Amino acid sequence: MTAPLHEPTAETAPSAAEEAALASADAKAVQGRSLGRIAWERLKRDKLALAGGVVVLLLVVVALFAPLITGILGQDPDEYHENLIDPLFGTPTGSLGGISGDHLLGVEPVNGRDILARILYGARISLLVGFLSAMVAVILGTVLGILAGFFGGWLDSAISRVMDGLLAFPQLLFIIALVSVMPNEMLGLSGSSVRVFVMILVIGFFGWPYIGRVVRGQTLSLREREYVEAARSLGAGRVYILFKELLPNLVAPIVVYSTMMIPTNILTEAALSFLGVGVKPPTASWGQMLSSAIDYYESDPMYMVVPGVAIFITVLAFNLFGDGVRDALDPKASR
Amino acid sequence: MSEKSEDAAVTNPAQSEGAVLSKDAAPGETLLKVTGLQKHFPIRKGLLQRQVGAVRAVDGIDFEVRSGETLGVVGESGCGKSTMGRLITRLLEPTAGTVEFEGKDITHLGVGGMRPLRRDVQMIFQDPYSSLNPRHTIGTIISAPFRLQGVEPEGGVKREVQRLLSVVGLNPEHYNRYPHEFSGGQRQRIGIARALALKPKLVVADEPVSALDVSIQAQVVNLMDDLQQELGLTYVIIAHDLSVVRHVSDRIAVMYLGKIVELADRESLYKAPMHPYTKALMSAVPIPDPRRRSAKSERILLKGDVPSPISPPSGCRFHTRCWKATQICTTVEPQLVELKPGQRVACHHPENFEDQAPQDTVLLTAAKEAAELVADEVLAESATTSAAVAAEVAEVAASPTGPAAEETPDAAASDEPETDRDSK
Ligand SMILES: Nc1ncnc2c1ncn2[C@@H]1O[C@H](COP(=O)(O)OP(=O)(O)OP(=O)(O)O)[C@@H](O)[C@H]1O
Ligand code: SF4
Ligand SMILES: [Mg+2]
């Protein structure tokens, strides 16, 4: 090299050393902070998201231990309490839908089943369908999205067209039609289990293109990054690039979209049960409770309010948490 | 890196040590040879993805890289420099032509076939923000070469990573940190450490400093230079203008629209550039701005934009912007020929050298327009090697306001173009 560029070296070398020295001062104290840890620290500071997260956790616990909790309360979701029903109108006796020390959220009209117990059992259905269908969607969406984005060509065209088609498909009508022609028993399952199983599969199946599109787009942009070229220039094959270079960077968007997908799926389940194609009575579900409450909206408004509030709180909690996760992971804010 | 080959052999101990480190290929021997290299990116359209054309990013180039030297590659944005770099590191598969590394044809080797060669050919990337995976620690990034190549460095991977970090001037304690915890210049040093981990012979650096702050550019360039001396590296350094390349290169290749238009020793190129495009690049960064016409300076402004590489101009690709273009330039493609020892040029009417097509003495209309953006001094110089320019200059001098009507070949024909030299 000739003089012109060597002169700056003399001046800049010490500054480079200084830079290194400065950095070294805190080096021993500070372990590198990964993007994941930074996101977690950010999430911890987001009070609203934390509140949402706590409610979600609570719901999961309640759903898991629904039989235990109702047992402690001495209630059963399917037990009739006709003695608590006004024989003339069919509505619960007492104020606010029959709220009492035994029945904390009152009882149902006509047969007098304990509403709290049914809400707790309904939470199981909602969360089960919400989580599992989101899982189906995430698995399908991730695998197909990566295939489309990473390999491109005709595979990408084919998968993209399928996604377009599914997104345009009237899924609600399809499910209603499907359920009406479905046998009562299949794969060794019967009654409500069949319905739950079918709902998980169908909601998951119609949900994957949402994740698939995001994953495909991310993969397309990530695979052009120079660090992928760098890995290739070191002799890395496709498998290494996919699992070591791309997937770690896809986790964040996948997590974000999964947390946002769960509440949507819970709403879809409620809608299906409301329309009578969800779980079968007597199995409790929030949508179904709402649907039967319609007949009593004047005489027993509490019957409608309770499952409505349950759905509202659940969806809100998931959304708050999901938004928090998204903000925490947002790559634009990371630095 | 200039003069290095001369210094090296005689005086510089670091260099002779470097020669030992690079195992074979004595300085000056051909390390990489490229012949007729082409890369056409197909353009597909429609449902059936039918090919409707191609981007001719690299369109037939020949050059060689000698062991221990630094070859600079310059050209405007989009002229195919990065594509060329990715072809010689075989990140892309050439459409045609051959790439030979140490005499071995590597043109069509697959991922597996290339893997052992990856140790010898490495790349430094342009964007320090996108070249390091944000999810990996620096330790993971710099040790990736060892994992991918199955190499167990002496003293263990961690020790070697720390050694590499200190070699590039970073704190060895930082191997557990993440890329976002470093500045652009530091990241580029990390990229350099990764590229050097396997002690490569050839390093291709694609605009290694253009994303960095000007104050840091020199540091990084100097680091690369020092490492070249210590390790006996051979560099291909890509840049979009001559400012970075001019100090560090032994030889310089100038690219225009997928072609090499001039390839010369640094000294020759600076003393006497022969291709008009080289001359324009050297005069300044080309800015097409007709308003500067009144304030003509030594600067050469190029008319218009770079034409599309999808349908490059016929003949000489530079003829749409060249102030010396004549009829032959639109029809016959000038070949890259060695006009002077160590200086290869592809031009019919080179600067600073005898006209290669003296019979062609009529300037194209486009060339006259292009000439309006060129300083008088430069035009005068150009006239000495082009009868057409000379005639034009003479005519404009005679009737400054008159419309520069197209002359007939007979009128301007001159049997002795050399005699027109003084008709400024
Ligand atoms: N993968 C690709 N597919 C299609 N066209 C491409 C691809 N890569 C590059 N090109 C095109 O090839 C031409 C040359 O690109 P290249 O990146 O090699 O230019 P460059 O000289 O490196 O430019 P810059 O200075 O902007 O980096 C451009 O027209 C570009 O659009
Ligand atoms: S004089 Fe002709 S051949 Fe030479 S650069 Fe100009 S157009 Fe090309
Ligand atoms: Mg480039």
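Residues numbered from 1 in each chain as written. Chains lettered and ligands numbered in written order. Predicted model: local features only at pLDDT ≥ 70, side-chain atom pairs only at ≥ 80, totals over all residues. Heavy atoms only, no water.

Trainee: What exactly am I supposed to notice about the environment of Ala253 of chain B here?
Mentor: All names here are of chain B. Residue position: Ala253 is located in strand E9 (residues 251–256). Among the residues examined, Ala253 registers a relative accessible area of 1% and is labelled buried. Spatially, the C-alpha atom of Ala253 lies 15 Å from that of Leu339, the residues being 86 residues apart in sequence. Not counting the four nearest positions on each side in its chain, Ala253 is found in contact with Leu71, Gly72, Val73, Val74, Ile260, Glu262 and Leu263. (Helix = DSSP H or I, 4+ residues; strand = E, 2+ residues; numbered from the N terminus. Buried < 20%, exposed > 50% of the residue type's maximum accessible area, 1.4 Å probe, protein only. Contact = heavy atoms within 4.5 Å.)

Trainee: Looking at this structure, I do not really get the layout of surface pockets. What am I missing?
Mentor: Which parts of space are left empty comes out when a probe the size of a water molecule is rolled across the atoms. Computed from the structure, the largest pocket encloses a volume of approximately 1000 Å³. Lining the largest pocket are 31 residues, and of these Arg223, Arg232 and Arg238 of chain A together with Leu91 and Leu92 of chain B lie nearest its centre. Of all elements in the fold, only helix H5 (115–151), helix H6 (153–168), helix H9 (226–233) and helix H10 (238–274) of chain A together with strand E1 (30–45) and helix H4 (111–118) of chain B reach the threshold of two or more residues within the lining of the largest pocket. Top element by residues in the lining of the largest pocket is E1 of chain B. It accounts for 4 residues. Its residues placed into classes, the lining of the largest pocket shows 12 nonpolar, 6 polar and 13 charged. (1 Å grid on protein atoms, 1.4 Å probe; cavity = no way out; pocket = protein on both sides within 12 Å on 5 of 7 lines; lining within 4 Å. Points joined across faces, edges and corners; volume = space filled by probe spheres on them. Nonpolar A, V, L, I, M, F, W, Y, C, P; charged D, E, K, R; others polar.)

Trainee: Sorry, what's going on with the pattern of salt bridges here?
Mentor: Pairs can form between side chains of opposite charge whenever their charged atoms are close. Going through the model one piece at a time under the given rule, you end up with 25 salt bridges over all chains. Via salt bridges that share partners, Glu64, Arg66, Glu69, Arg251 and Arg344 of chain B belong to a single interconnected network. (Salt bridge = Lys/Arg side-chain N within 4 Å of Asp/Glu carboxyl O.)

Trainee: Would you take a moment to explain a nonpolar patch on the surface for this structure?
Mentor: On the surface, a cluster of nonpolar side chains totalling about 520 Å² of accessible area is made up of Leu128, Phe131, Leu132, Met135, Ile139 and Val143 of chain A. Residue placement: Phe131 of chain A occurs in helix H5. (Patch = residues over 30% accessible without salt bridge, like charges linked within 9 Å, V, L, I, M, F, W, Y side chains within 5 Å. Areas by Shrake-Rupley, 256 points an atom, 1.4 Å probe, with all protein chains shown as cover.)

Trainee: Please clarify how the pairing of strand E7 (residues 202–206) of chain B should be interpreted in this entry.
Mentor: All names here are of chain B. Judged by how many residues are buried, E7 sits mostly within the fold: 5 of 5 residues are covered. Alternating residues of E7 divide into Leu202, Val204 and Asp206 and Val203 and Ala205, and every residue in both groups is buried. When strand E6 (residues 121–124) meets E7, the two strands line up parallel, connected through 4 bridges. When the bridges of E7 are listed, Val121 appears paired with Leu202. As judged from the 5 bridges shared by E7 and strand E8 (residues 234–239), these two strands associate in the parallel manner. Directly across from Val203, in E8, lies its bridge partner Tyr235. Handedness of the crossover is the feature at issue here: the chain leaves E7, passes through helix H8 (residues 214–231), returns alongside E8, and the resulting connection is right-handed. (Pairing = 2+ DSSP bridges. Right-handed = clockwise from strand over helix to strand, strands pointing away.)

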